[in-house]
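Listed here are the chains, written in short residue letters.
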Amino acid sequence: MLVVAYLIYMFAVGFGASQTKMVYSDLVNSIKSEQVSSMLVSGNTVTVTLTNGDKAKVKIPSLDTLQADVGKEMNDQMDKGTLKQEAYETKISWTAVTNIILIIVFICVFFFGFLRKGGSGATNFTKSRARLNENTKNVTFKDVAGADEEKAELAEIVEFLKNPQKFVSLGARIPKGVLLVGSPGTGKTLLAKAVAGEAKVPFFSISGSDFVELYVGVGASRVRDLFEQAKKNRPCIVFIDEIDAVGRKRGAGMGGGHDEREQTLNQLLVEMDGFGENEGVIMMAATNRPDILDPALLRPGRFDRQIVVDVPDVKGREAILKVHSAKKPLANDVDLEEIAKATAGYSGADLENLMNESAIFAARRNHLEITRKDIEDANLKVMMGTEKRSRIITEKEKKLTAFHEAGHAVLAKLVDKTSHIHKVSIIPRGRAGGYTMYVPDEDKMYTSKNEMLDRIIVMLGGRVAEELTMDDISTGASSDIQRATDIARQMVTKYGMSEAIGPVSYDDGGEVFIGRDFAHSKAYSEKTAADIDAEVKHIMTLQYRKTEQILTENMAVLTRVAEKLLEKETIDGQEFEECFNI
Ligand code: ADP
Ligand code: MG
Ligand code: ZN
């Protein structure tokens, strides 16, 4: 794209239009006095056309400087339409016909290059690349297999889009923005489309990476266009895929140069605030890195609702395989349940890919149906591709995770009586290999010493269960150990709960100034520090032994939970309880 623009520019400049000498300060003044009608930025050179028709080539210190000096004026004038940001614009001199032919040849070559790579056309790049109604009418929740919890959470949005008036007249407040969080291929884009399809409303989508453009102000103006279109087509969904590309924390980049992105982000925030609640525009966005998003995006009234889209468990995988084999003839020896069991860690996209590759194998072998062998061979191919992207879970890892999570869950039930298990899973989520969700039965203001000790036991449960059942321990427990140690340290230094140290708080408010730590002297002596460390270690060791004891006594239950996890991958509170009633 850039190369094309640059070539065009090179040739364009060669064609006659009268050239004026201009330096940077002239350019700034001309923009301020609205004497510039269009400009083309190329690296640190700007080609401007003045209102009197003259052209000039101006060297600028940097794009950032130009933005800082006259960015606001440029934006205003672009809004008014008096200043245009051009790819190229020139009066063609007929002597350059051969050049033009050359240019066209170049353009064709580049265009075909683009098309083959699946890139959208290179024209019209200052206009929003939002695409209207990508056939979403045919995509419904039925096409999203498994993902029942995600769909249930989104059902409310669908209802609202179908009948906004019903909600508005009752004064209900509907979330403006929903952030879908999940690893690649888990069906976030598919879900967003399905919401639009279910509600039968238009779907405007744009990808964060589309915003990354070199031309000043383009990202921001694209955001404006996008919202303009959306407002005209209410009710509708605006979907920003890969929002992390544009929504990274501001000021986080090294050494600047991110002005363009920040401007786009600012515009996005402005637009989101610009339409009120219940106006019928629902923003949806997808990311697998919510942690790097600018906090401003996640504030109330923006993307204040997060929905985690999980990697499917064994039941989910079977359902997805069914969806993607619905239109494919399967031989009798194919057992989708069995394939689902063998594909732990696969995302929806991986499974779709698997069925597609199987069909290709079958076709190449002139089969009339897809056989078990086709799928097995296709799986070898898919696995090699998947290994790099998502994590394939080996049997050993799976077993380790099962005992680890079972350890947490069993101890949570036996020790921490104030909460109950909601869900236990060995399907990875974020950086965790599995997870145990337990919900407190009541909100509490204070935590007692014993409760804190119990919590340490629950956290250590994962590691201890690994140690007792496998002849190996994993690094998967490191954040558990870290968090448990933090609790123990707080008990000693903050809450004065240790007898050896006494009822004294050595807590400095917990703030750590990175880089300034050297000036930050401790409020206690080296000896006290050593005493604290010894006391923390004492608490941890004691709790570790207790954990070992409880789990040893309950080995039968632990094993039952782990086995159930290995079979089902995700179990709910009830299935967990059943393991105790044998
Ligand atoms: P993401 O946006 O999370 O990266 P996509 O929505 O683009 O993932 O999913 C890619 C493809 O994978 C989809 O087009 C679909 O074919 C398949 N897929 C993913 N999840 C599911 C699912 N739950 N049910 C059916 N197909 C799925
Ligand atoms: Mg996607
Ligand atoms: Zn753990």
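For clarity, every value in this text was computed on a predicted model and none was experimentally measured.

Okay, the pattern of salt bridges next. Overall, the coordinates contain 21 salt bridges when judged by the stated rule. Residue E338 pairs with R372 through a salt bridge whose shortest N-O separation is 2.8 Å. Within this pair, whereas E338 is found in helix α12 (residues 336-342), its partner R372 is found in helix α14 (residues 372-388), the two being separated by 34 residues in sequence. R372 sits in the partly exposed class, given a relative accessible area of 33%.

An α-helical turn contains 3.6 residues, so a residue and the one three or four places further along point in the same direction. With 20 residues, helix α15 (residues 395-414) extends 28 Å from end C-alpha to end C-alpha; this agrees with the ideal 28 Å at 1.5 Å per step. With 14 of its 20 residues buried, α15 lies for the most part within the structure.

Another aspect to go through is the pairing of strand β10 (residues 281-287). Counted residue by residue, β10 has seven buried out of seven residues, so it is predominantly covered. Burial along β10 is two-sided: V281, M283, A285 and T287 facing one way and I282, M284 and A286 facing the other are all buried. In this structure, strand β7 (residues 177-181) lies alongside β10, joined through five bridges in parallel fashion. When the sheet's bridge partners are listed, L179 is paired in β10 with A285. For strand β9 (residues 236-241) and β10, the ladder comprises five bridges, and the chain directions are parallel.

What follows covers the coordination of the zinc ion (ligand 3). Only H404 (NE2), H408 (NE2) and D480 (OD) from the protein reach the zinc ion (ligand 3) as donors, at distances of 2.0 to 2.1 Å. Every donor residue of the zinc ion (ligand 3) comes from the same chain, spaced as H-x3-H-x71-D. Remark: D480 occurs in helix α17 (residues 478-493) and H408 occurs in helix α15; sequence separation between them is 72 residues. Of the two residues, H408 and D480, both sit in the buried class.

Here the focus is the confidence of the model for the chain. In the predicted model, the chain carries a mean pLDDT of 79, and 79% of its residues have values of at least 70. Mean pLDDT across the elements of the chain ranges from a minimum in helix α1 (residues 2-14), with 48, to a maximum in helix α19 (residues 555-568), with 95. Here residues 9-17 is a poorly scored stretch, pLDDT under 50, and it has 15 contacts once near neighbours within four places are set aside; other chains count. Overall, residues 510-521 carries pLDDT values under 50, and its contacts beyond four positions in sequence, including any with other chains, amount to four contacts.

Quick look at the side chain of E569 now. With respect to the helices and strands, the residue E569 is situated in the loop between α19 and β14 (570-572). Judged by relative accessible area, E569 falls into the buried class, the value being 1%. In this structure the side chain of E569 is engaged in a polar contact, spanning 3.4 Å, whose partner is the side chain of K398. Not counting residues within four places of it along the chain, the set of residues in contact with E569 comprises P312, D313, V314, R317, A344, K398, V424, S425, I426, I427 and K564.

So, on to the sheet that holds strand β12 (residues 419-425). Taken in spatial order, the three strands make up an open sheet running β13-β12-β14, and their pairing is antiparallel. Of all the strands in the sheet, the pair left with one neighbour each is β13 (435-440) and β14. Strand-to-strand twist in this sheet, taken as the mean axis angle between neighbours without regard to direction, amounts to 20°. Note that β12 and β13 share six bridges and pair antiparallel. Paired with H420 across the bridge in β13 is V439.

Definitions and limits used
- Residues numbered from 1 in each chain as written.
- Chains lettered and ligands numbered in written order.
- Predicted model: local features only at pLDDT ≥ 70, side-chain atom pairs only at ≥ 80, totals over all residues.
- Heavy atoms only, no water.
- Salt bridge = Lys/Arg side-chain N within 4 Å of Asp/Glu carboxyl O.
- Helix = DSSP H or I, 4+ residues; strand = E, 2+ residues; numbered from the N terminus.
- Buried < 20%, exposed > 50% of the residue type's maximum accessible area, 1.4 Å probe, protein only.
- Expected span 1.5 Å × (residues − 1).
- Pairing = 2+ DSSP bridges.
- Donors = N, O, S within 2.8 Å, 3.2 Å for Na, K, Ca; no water.
- pLDDT = per-residue confidence, 0-100.
- Contact = heavy atoms within 4.5 Å.
- Polar contact = N/O pair within 3.5 Å; in protein donor to acceptor, adjacent residues only side chain to side chain.
- Axes fitted to C-alpha atoms, helices over the stretch in contact; angles between N-to-C directions.

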